Protein chains: 2
Amino acid sequence: MEHRKPAEIERASMEIINSELTERGILLAEDTADVVRRVIHATADFDYAENLRFSPGAVERAVGALRSGASVVTDTNMALSGVSGPGLRRLNGSKHCFMADPQVAMEAKERGTTRAVVSVEKAAEALPNCIYAVGNAPTALLELVRQMEQGFRPALIVGVPVGFVNVLEAKEAVWEACLRLEVPAIVAMGRKGGSTVAAAILNALIYRAADMTDPEKRGW
Amino acid sequence: MEHRKPAEIERASMEIINSELTERGILLAEDTADVVRRVIHATADFDYAENLRFSPGAVERAVGALRSGASVVTDTNMALSGVSGPGLRRLNGSKHCFMADPQVAMEAKERGTTRAVVSVEKAAEALPNCIYAVGNAPTALLELVRQMEQGFRPALIVGVPVGFVNVLEAKEAVWEACLRLEVPAIVAMGRKGGSTVAAAILNALIYRAADMTDPEKRGW
């Protein structure tokens, strides 16, 4: 087995991904290619070349928001852990997850709702220009729709929960609302997704915004 | 969209997974079925029904170790975040990841190696009976092989890094070493895997050990 540096390994992996996409006859759009490739890199699953749907200008608008210091909010601590801290620091951005916040848990219990719902409410109030990423809870997507109907305009919604029940419907609902209300969106249609996918999408955007798409520029 | 409780959603999801496994003509072995189903639940990817390889008695031995309070070590903080804290607490177990440990970073830099390698060394010394899960770094698997050759006998190795370069070889190497040295192993052969997969495998084992496989018993 060869011993190569992480930057070299990433570059070699992306070349393999590119050539296998070509073999499959898949041509990625220039503006979204980075994001799709990084998700395939994180999952080794080429289905994402077909599943990921981008609203018009979503990548460009998200990159612009990140360059203006937009915060990133995730629905799980697992996705949060995967988001590049060094990248966000370079952009003067920050990352948050409210799921483990004791106040969120208490309020969810009192109101008989989920922590995912209360977390979205909290973000809509405290971080109205954030990027909100959902890798787990379809109820978070439905609450995002409700908050958007009431005026919430996040910089981007990443809607990639994984699952077999309620997930397809929630993704369709958030996609439709984002298009109608002109909120940028990246959604993994179908069942697939997860915290890894959410983090990979966020990192592709952060790297683009912070000029770190070339792995050599990530200080390894 | 129906509003159902998390426990109900999980149960309905597992039923869908079971019936689709049957449709595909896949019959899971009784002792490993929980683990495979939980990975499919976490990824919506039925490839794992074919990819996951278990050494003889791996599940039983891992469950026994967890019931004796074995620690869980992961190669990323992302996988660590996904591991059930309540489950481990019920078992008097604990979870660890040494990747962000400043001493590990310093030592890796001084010696020109990776943090993943130093983390394995640290676990082999400090937690000789741990369950070691690798969702990301193939170099961690190779270091596990080296440590096992020197006498390290973890309670289980979960070898599920994802990737396109060096990953297949590292999985084959750890699988061969585990069989030869009689260390229980669960390995996702091929390219696929990741932190989500590592966490799902660990949680299936933790739930089994803590009598929490039925989601109603997880205190939702």
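The structure this text deals with has already been given above.
Given the structure is predicted, the values throughout are model-derived calculations rather than measurements. (Residues numbered from 1 in each chain as written. Chains lettered and ligands numbered in written order. Predicted model: local features only at pLDDT ≥ 70, side-chain atom pairs only at ≥ 80, totals over all residues. Heavy atoms only, no water.)

K.L.:
Any chance you could explain the packing of helix α4 (residues 58-67) of chain A against helix α11 (residues 195-209) of chain A here in plain terms?
P.N.:
Helix-helix packing is described using two parameters, namely the angle between the two axes and the distance between the axes. All names here are of chain A. Viewed as axis vectors pointing N to C, α4 and α11 meet at an angle of 65 degrees, and their least axial separation amounts to 9 Å. Relative to α11, α4 is oriented so that their crossing is right-handed. Only Leu-205, Ile-206, Arg-208 and Ala-209 of α11 make contact with α4, whose side of the interface consists of Val-59, Ala-62, Val-63, Leu-66 and Arg-67. Residues of the contact of α4 with α11, tallied by class, amount to seven nonpolar, no polar and two charged. (Axes fitted to C-alpha atoms, helices over the stretch in contact; angles between N-to-C directions. Helix = DSSP H or I, 4+ residues; strand = E, 2+ residues; numbered from the N terminus. Left-handed = near helix turned anticlockwise from the far one by under 90°. Contact = heavy atoms within 4.5 Å. Nonpolar A, V, L, I, M, F, W, Y, C, P; charged D, E, K, R; others polar.)

K.L.:
How do you make sense of the side chain of Asn-51 of chain A when you look at a structure like this?
P.N.:
Residue and element names in this part refer to chain A. Mapped onto the fold, Asn-51 is located in helix α3 (residues 48-51). The buried category is assigned to Asn-51, whose relative accessible area is 18%. Setting aside residues up to four positions removed in sequence, Asn-51 forms contacts with Val-187, Ala-188, Met-189 and Lys-192. (Buried < 20%, exposed > 50% of the residue type's maximum accessible area, 1.4 Å probe, protein only.)

K.L.:
How should the pattern of salt bridges be read in this particular structure?
P.N.:
Where side chains of opposite charge bring their charged atoms close, a pairing between them can arise. Applying the stated criterion to the full structure yields 34 salt bridges over all chains. One salt bridge connects Glu-20 of chain B with Arg-191 of chain A, and the closest N-O pair in it is separated by 2.5 Å. Residue Glu-20 of chain B is found in helix α1 (residues 6-23), and its partner Arg-191 of chain A is found in the loop between β6 (185-188) and α11; the two belong to separate chains. By relative accessible area, Arg-191 of chain A is classed as partly exposed at 25%. For the salt bridge of Lys-192 of chain B with Asp-45 of chain B, the shortest nitrogen-to-oxygen distance reads 2.7 Å. (Salt bridge = Lys/Arg side-chain N within 4 Å of Asp/Glu carboxyl O.)

K.L.:
Explain the packing of aromatic side chains here, please?
P.N.:
Any two aromatic rings considered together are summarised by their centre-to-centre distance and by the angle between their planes. By the definition in use, this model includes two aromatic pairs over all chains. A ring pair is formed by Phe-46 of chain A and Phe-164 of chain B, whose centres lie 6.2 Å apart and whose planes are at 85 degrees; its orientation type is edge-to-face. Within this pair, whereas Phe-46 of chain A is found in the loop between α2 (33-43) and α3, its partner Phe-164 of chain B is found in the loop between β5 (156-159) and α10 (167-181), the two belonging to separate chains. Each member of the pair, Phe-46 of chain A together with Phe-164 of chain B, is buried. Its guanidinium or amino end placed over the ring of Phe-46 of chain A, Arg-24 of chain A lies 4.1 Å from that ring's centre, counting from NZ or CZ. (Phe/Tyr/Trp six-rings, centres within 6.5 Å; stacked < 30°, edge-to-face > 60°. Lys NZ or Arg CZ within 6 Å of the ring centre and 35° of its normal.)

K.L.:
What is the right way to look at the pairing of strand β4 (residues 131-134) of chain B in this model?
P.N.:
In the case of a regular strand, side chains alternate between the two sheet surfaces. Residue and element names in this part refer to chain B. Residue alternation in β4 divides its side chains into two sets, Ile-131 and Ala-133 and Tyr-132 and Val-134, and both sets are buried. Bridge count between strand β2 (residues 72-74) and β4: three bridges; the pairing is parallel. The residue bridging Val-72 from the neighbouring strand is Ile-131, located in β4. The handedness of the β4 to β5 crossover, carried by helix α9 (residues 138-149), is right-handed. (Pairing = 2+ DSSP bridges. Right-handed = clockwise from strand over helix to strand, strands pointing away.)

K.L.:
Would you mind going over helix α11 (residues 195-209) of chain B with me for this structure?
P.N.:
Quick reminder: α-helices carry 3.6 residues per turn. Residues three or four places apart thus point the same way. All names here are of chain B. With 15 residues, α11 extends 21 Å between its outermost C-alpha atoms, agreeing within 8% with the 21 Å of an ideal straight helix rising 1.5 Å per residue. Counting buried residues in α11 gives 14 out of 15 residues, a clear majority hidden from the surface. Positive phi appears at Asp-211, one or two residues downstream of α11, with a value of about 55 degrees. (Expected span 1.5 Å × (residues − 1).)

K.L.:
Can you help me understand empty space enclosed by the protein in this one?
P.N.:
Empty space among the atoms can be located by rolling a probe the size of a water molecule over them. Taken as a whole and assessed by the stated rule, the structure comprises one cavity of 30 Å³ or more. Taken as a whole, the largest cavity encloses approximately 150 Å³ of empty space. Contributing to the lining of the largest cavity are 18 residues, with Thr-43 and Tyr-48 of chain A together with Thr-43, Tyr-48 and Gly-193 of chain B lying nearest its centre. Taken together, the elements giving at least two residues each to the lining of the largest cavity come down to α2 and α11 of chain A together with α2 (33-43) and α11 of chain B. Taken together, the residues of the lining of the largest cavity break down into six nonpolar, eight polar and four charged. (1 Å grid on protein atoms, 1.4 Å probe; cavity = no way out; pocket = protein on both sides within 12 Å on 5 of 7 lines; lining within 4 Å. Points joined across faces, edges and corners; volume = space filled by probe spheres on them.)

K.L.:
Could you clarify how one ought to interpret the pairing of strand β4 (residues 131-134) of chain A in this entry?
P.N.:
Where β4 of chain A meets strand β5 (residues 156-159) of chain A, four bridges bridge the pair, whose relative direction is parallel. Residue pairing in the sheet places Ala-133 of chain A in a bridge with Val-158 of chain A of β5 of chain A.

K.L.:
Help me out: how do you make sense of the relation of the copies chain B and chain A in this one?
P.N.:
The two chain copies are related to each other by a rotation about an axis together with a translation along it. Least-squares fitting of chain B to chain A yields an RMSD of 0.0 Å, with the superposition described by an axial translation of 0.0 Å and a rotation of 180 degrees. The superposition operator between the copies reduces to a two-fold rotation axis. For chain B, the minimum C-alpha distance to the rotation axis belongs to Met-78 of chain B and amounts to 2.5 Å. An overlap of 100% is found between the interface residues of chain B and their copies at the interface of chain A, pointing to a shared contact surface. (Least-squares fit on C-alpha atoms with pLDDT ≥ 70 in both.)

K.L.:
Even after reading the chapter, I still don't get the interface of chain B and chain A, so can you show me in this structure?
P.N.:
When the parts come together, some accessible area is lost, and that loss is often what is quoted as the size of the interface. Each side of the interface is counted separately: chain B has 34 residues, and chain A has 34 residues. Together, the buried faces of chain B and chain A total about 2800 Å²; carbon and sulfur atoms form 68% of this surface. In this assembly, chain B and chain A are joined by two salt bridges. Our enumeration of links across chain B and chain A arrives at four residue pairs in polar contact (both at pLDDT 80 or more). Sorting the residues of the side of chain B that touches chain A by element identifies α1, α2, α5 (77-82), α10 and α11 of chain B as the ones contributing at least two each. Here the side of chain B that touches chain A takes six residues from α1 of chain B, the largest share from any one element. Of the residues assigned to the side of chain B that touches chain A, the class counts are 17 nonpolar, ten polar and seven charged. (Buried area = accessible area lost by both parts, 1.4 Å probe. Polar contact = N/O pair within 3.5 Å; in protein donor to acceptor, adjacent residues only side chain to side chain.)

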